[in-house]
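Below, each chain spelled out in residue letters.
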Amino acid sequence: MTDSQQPGSRKLLKRLRATLAEPGEGQERLDRITSLIAGELGADVCSIYLFRDSDTLELCATEGLKQEAVHQTRMRLGEGLVGRVALRTSPINTADAPSERGFRYMAETGEERYSAFLGVPIQRLGERLGVLVMQGREAKAYSDDEVYGLEVVAMVLAEMAELGVFQSSADPAAHRHKQPVMFRGTSGQDGAAEGRVYLHEPRVLVTNPIADDSEVERLRLREAVDKLRYSVDEMLSSAPLGDGEQRNVLEAYRMFANSKGWLKRMEQDIERGLSAEAAVEKEQSSARARMEQVPDAYLRERLQDLDDISNRLLRLLTGQGQDDGSEMPEHPVLVARNIGPGELLAYGRKLRAIVLEDGSVGSHAAIVARALAIPLVIHARRITTEALNGDKVLVDGDHGIVHLRPEDSVAHAFEDKIAMRAKAVERYSSIRDLPATDKSGTTIALHMNAGLMADLPSLPSSGAEGVGLFRTELQFLVRNSVPRRGELAALYSRVLDAAQGKRVVFRTLDIGSDKVLPYMKPQDEPNPAMGWRAIRVGLDKPGVMRMQLQALIRASSGRPLSVMFPFVAQLSEFTEARDRLMREIDREDRLGRPLPESVEVGAMLETPSLAYAPEIFFEQADFISIGGNDLKQFFFAADRENERVRNRYDCLNVSFLSFLEWINMRCVNTGTPVSFCGEDAGRPLEAVCFAAIGLRSLSMRPASIGAVKSLLRRIDLSELRHVIEKARHDGHQSVRPVVESWLLDNTDPES
Ligand code: PEP
Ligand code: MG
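In this text, all values refer to a predicted model and were calculated from it rather than measured experimentally.

Definitions and limits used
Residues numbered from 1 in each chain as written. Chains lettered and ligands numbered in written order. Predicted model: local features only at pLDDT ≥ 70, side-chain atom pairs only at ≥ 80, totals over all residues. Heavy atoms only, no water. pLDDT = per-residue confidence, 0-100. Contact = heavy atoms within 4.5 Å. Helix = DSSP H or I, 4+ residues; strand = E, 2+ residues; numbered from the N terminus. Buried < 20%, exposed > 50% of the residue type's maximum accessible area, 1.4 Å probe, protein only. Expected span 1.5 Å × (residues − 1). Arc of directions from axis to C-beta. Near = heavy atom within 4 Å. Polar contact = N/O pair within 3.5 Å; in protein donor to acceptor, adjacent residues only side chain to side chain. Areas by Shrake-Rupley, 256 points an atom, 1.4 Å probe, with all protein chains shown as cover. Domains from an automatic or database assignment. Buried area = accessible area lost by both parts, 1.4 Å probe. Salt bridge = Lys/Arg side-chain N within 4 Å of Asp/Glu carboxyl O. Axes fitted to C-alpha atoms, helices over the stretch in contact; angles between N-to-C directions. Parallel < 35°, antiparallel > 145°, perpendicular 65-115°, else oblique. Left-handed = near helix turned anticlockwise from the far one by under 90°. Nonpolar A, V, L, I, M, F, W, Y, C, P; charged D, E, K, R; others polar. Phe/Tyr/Trp six-rings, centres within 6.5 Å; stacked < 30°, edge-to-face > 60°. Donors = N, O, S within 2.8 Å, 3.2 Å for Na, K, Ca; no water. Pairing = 2+ DSSP bridges. Core = buried A, V, L, I, M, F, W, Y, C linked by side-chain atoms within 4.5 Å.

The next subject is the confidence of the model for the protein. Summary statistics for the protein give a mean pLDDT of 88 and a share of 91% for residues scoring 70 or more. Contacts for the low-pLDDT stretch residues 1–5, under 50 throughout, to residues beyond four places or in other chains number four contacts. Confidence drops under a pLDDT of 50 for residues 169–173, and excluding neighbours within four residues, the segment shows 13 contacts in the predicted structure.

Attention now moves to unusual backbone geometry. Here Arg-382, not a glycine, exhibits a phi torsion of approximately 70°, which is positive. In this structure, Arg-382 sits in the loop between β12 (376–378) and α12 (383–386). With a phi close to 45°, Gln-500 is a non-glycine residue in the positive phi region. Mapped onto the fold, Gln-500 is located in the loop between α16 (485–499) and β17 (504–507). You can call Gln-500 exposed: its relative accessible area is 70%.

Turning next to α16. Its 15 residues place the ends of α16 21 Å apart at the C-alpha level, agreeing with the 21 Å of an ideal helix rising 1.5 Å per residue. Looking only at α16, the buried set comprises Leu-488, Ala-489, Leu-491, Tyr-492, Val-495, Leu-496 and Ala-499. Looking straight down α16, one finds its buried side chains confined to an arc of 165°; they lie on one side. Turning to α16, the residues buried within the fold contact α14 (458–462), β16 (467–471), α15 (473–477), β17 and α18 (542–555). Count one or two residues on from α16 and you reach Gln-500, which has phi positive near 45°.

Moving on to the site of ligand 1. Ligand 1 sits among 14 residues. The nearest are Arg-471, Arg-507, Glu-606, Asn-629 and Arg-640. Between ligand 1 and the protein, one listed contact pairs an oxygen atom with a backbone N or O atom of Gly-627 at 3.3 Å. At 2.8 Å from an oxygen atom of ligand 1 is found a side-chain nitrogen or oxygen belonging to Arg-640. In isolation ligand 1 offers 280 Å² of accessible surface; the protein chains occlude 99% of this area. Looking at the shell around ligand 1, the elements with two or more residues in it are β16 and α22 (628–635). The element contributing the most residues to the shell around ligand 1 is α22, with three residues.

Our focus in this paragraph is helix α27 (residues 736–746). Residues of α27 that are buried: Val-739, Trp-742 and Leu-743. Along the axis of α27, the buried residues cluster in a sector spanning 100°; they form a single face. Seen from the buried face of α27, the exposed residues on the opposite side, beyond 90 degrees, are Pro-737, Leu-744 and Asp-745. Close packing links the buried residues of α27 with α24 (684–692), α25 (702–713) and α26 (717–729).

The subject of this paragraph is the domain arrangement of the protein. Partitioning the protein into domains gives domain 1 (3–169), domain 2 (181–202 + 330–419), domain 3 (214–318) and domain 4 (431–746). Each partner contributes residues to the interface: domain 1 has 20 residues there, and domain 3 has 17 residues. Carbon and sulfur atoms make up 50% of the area that domain 1 and domain 3 hide from each other, which totals about 1,600 Å². By the criterion of area lost to domain 3, the three top residues of domain 1 are Leu-125, Tyr-148 and Met-155, representing 39% of everything that side buries. Run the count over domain 1 and domain 3 and you get two salt bridges. Across the pair Arg-124 and Glu-281 runs a salt bridge whose closest N-O atoms are separated by 3.2 Å. Counting only elements with at least two residues in the side of domain 1 that touches domain 3, the list comes to α1 (9–21), α3 (80–88), β5 (116–124) and α4 (144–162).

What describes two packed helices is the angle between their axes and the distance between those same axes. It is the contact of α16 with α18, at a shortest axis distance of 8 Å, that shows an interaxial angle of 45°. Compared by their axis directions, α16 and α18 come out oblique. For the crossing formed where α16 meets α18, the hand is right-handed. Residues Arg-485, Leu-488, Ala-489, Tyr-492, Ser-493 and Leu-496 of α16 form the contact with α18, whose participating residues are Met-547, Gln-548, Gln-550, Ala-551, Leu-552, Arg-554 and Ala-555. Grouping the amino acids of the contact of α16 with α18 by side-chain chemistry returns eight nonpolar, three polar and two charged.

The next subject is the packing of aromatic side chains. All told, the structure shown has 14 aromatic pairs when counted by the stated rule. With 5.2 Å between their ring centres and 90° between their planes, Phe-635 and Phe-636 make a pair best called edge-to-face. The buried category is assigned to Phe-636, whose relative accessible area is 14%. Centre to centre, the rings of Phe-636 and Phe-656 are 5.9 Å apart; their planes meet at 40°, and the pair counts as tilted. Here Phe-636 is found in the loop between α22 and α23 (654–670), whereas its partner Phe-656 is found in helix α23, with 20 residues between them in sequence. For the pair shown, Phe-636 and Phe-656 are each scored as buried.

For the magnesium ion (ligand 2), the protein coordination sphere consists of Glu-606 (OE) and Asp-630 (OD), at 2.0 to 2.1 Å. Here Glu-606, found in the loop between β19 (598–605) and α20 (608–611), pairs with Asp-630, found in helix α22; they are 24 residues apart in sequence, far enough to count as distant. Each member of the pair, Glu-606 as well as Asp-630, carries the same accessibility label: buried.

Where burial is concerned, most of strand β9 (residues 192–199) is hidden: six out of the eight residues are buried. Inspection of the sheet shows β9 paired to strand β10 (residues 332–336) by four bridges, in the parallel sense. The partner of Val-197 across the bridge, within β10, is Val-333.

Ranked by size, the top nonpolar core spans 91 residues in total, and within it Phe-565 and Leu-720 carry the most contacts. The contacts of Leu-720, once residues within four sequence positions are left out, are Val-688, Cys-689, Ala-692, Ile-715, Val-739 and Trp-742. Ile-37, Ile-48, Ala-116 and Val-120 belong to the second largest nonpolar core, which has 38 residues in total.

Listed below in structure tokens is the structure:
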């Protein structure tokens, strides 16, 4: 394409660069830019609107509209045509703006004289920065070429904004990446931490958005794309054949790397005057913008692949971010859009906290973060675009709040909170070897939940009596292929070694629902939590369960073996699963292999149905573990994964407490040991209430044991029982308020 075929856009970009290079304040630059664009593109009006805060756009410079309106005219996201361009992150091009849906008349601008309107978003990697607008008196729609040309200019403006070119005190975008920002997300794992941002995928900074020589840029792009194709092919040939997930991702990468459309679009942008990196980023930005709008999970994943591959290409072009991990700051807080469980495990306990833009409470990454006891906040929208490597950050995992570059006063208050926690931990270590006995002499057995080998070191330090729940699926979730029996046996054996004779209750695979194995064909179920999961999968597809049972038997040779089956809803499921375990033991015996010293087989009570199972179930089960997380979701019909409802019902609601009491009573009647192992057991107030209604064994995150034990030792459970009974009698919905105030008045100070 020659310059004469390419109306002005390349020339415009070059002049834009010259204009930006001239000295001046941010406002002067914005003014010069609008008059340059209006002049070069022959528009009556050119205006730049920038975000003042995340919801408000402000007219920051204009050529053609009344100057008095600058910094006065504002609109909310979605309001008027400009607000709609920003909201949809796509252009609006109309010949007759006043009759367009959503048009808002702004008298102070004098825009009633203009009919044609073209607005394009100024965005960078999914971050909305503002809107660039062209208007004309003549009622005409702009050509595709003009739309495209303005988008290219908007792209350059976005890069310039990122580099701080427009910064001045009057500019709302001033001090970006410097000001304090608070993010309100969702708690994925409790805990508070202070540290420095460590971006999982550092931002690539494009310092030269405008090309000097388009031919050189085109060659650079081609070369980088060739390298990219080569590296994807390499990765594909070395990816294990059985690894379906990884291959799928790589195949998608290959598809994009070879996509003619992708390359063509980027080359067109280069023709219009962008540098190779800016062209890649322009494509990436529109993929991110589409990602926010696409509801279909499959398409979103493909757009995510396109985003990842664009990052790789940018790194190849700029040479930035190749040496991952080498500059990890002290006290790193990992910030990412999302992260896989395997990657998270590789970082391990080095991390102080984790903040994700996406993710869900039940995601594999969240499960690993919980297992590692690292505070986690999810749904911290836009943090990856706001945060820079090394920024100070405070993470409040209890409330799902993140303070980026906090004000001193916030930082001081937060530091006090962390110090108080540290003091409490110190206090708990002094009672670590004492029993969890209340003032009336009742002792509660406190166990810990685990799921990774990495958890086991907490066993002696937490003061737990043993592992009340070992979630075996974590080992399956963090891998890309089914583990082999030998590997599993070795792992379970190491777990038992690390437990040094303390009891470990292995729960067989609980997959399905939110826990989908990377190599398992996802089931398209309308209600996965009530679908084909846990013991149901185990019984229908006996191969994996059998392999796991054999591994458990071999691991515990000569030692006691405790196995429990998850999500048992009726007696026959328990007896069938137990028979299979017994058959495997017989088989091992026939093969002359060493057997466990003793075997106990339990069931998880996670559906209300099992609470009403025939007496014989309670007689046959060697022990029962109440899976409070699932039981509560089915009791209240409130999805534990759904943010809207998951905290709607209190587990100290008298109905639920009475139900737990009923389960406990049935177990007491048959002499069946019963424990509670849902997350609620790890909250001191809940834990003491469970103990007060009769439960004598609780299993929780290791970090919670100290706090629960400390409270138990400072109260009288029989008095608390009376408080609960009275609240129930008085018609309270939840016993929480009365228990809270009783605890305030009746708890000995911590020693
Ligand atoms: C439960 O449901 O309470 C439980 C402990 O199991 P999970 O959280 O793994 O489903
Ligand atoms: Mg469960």
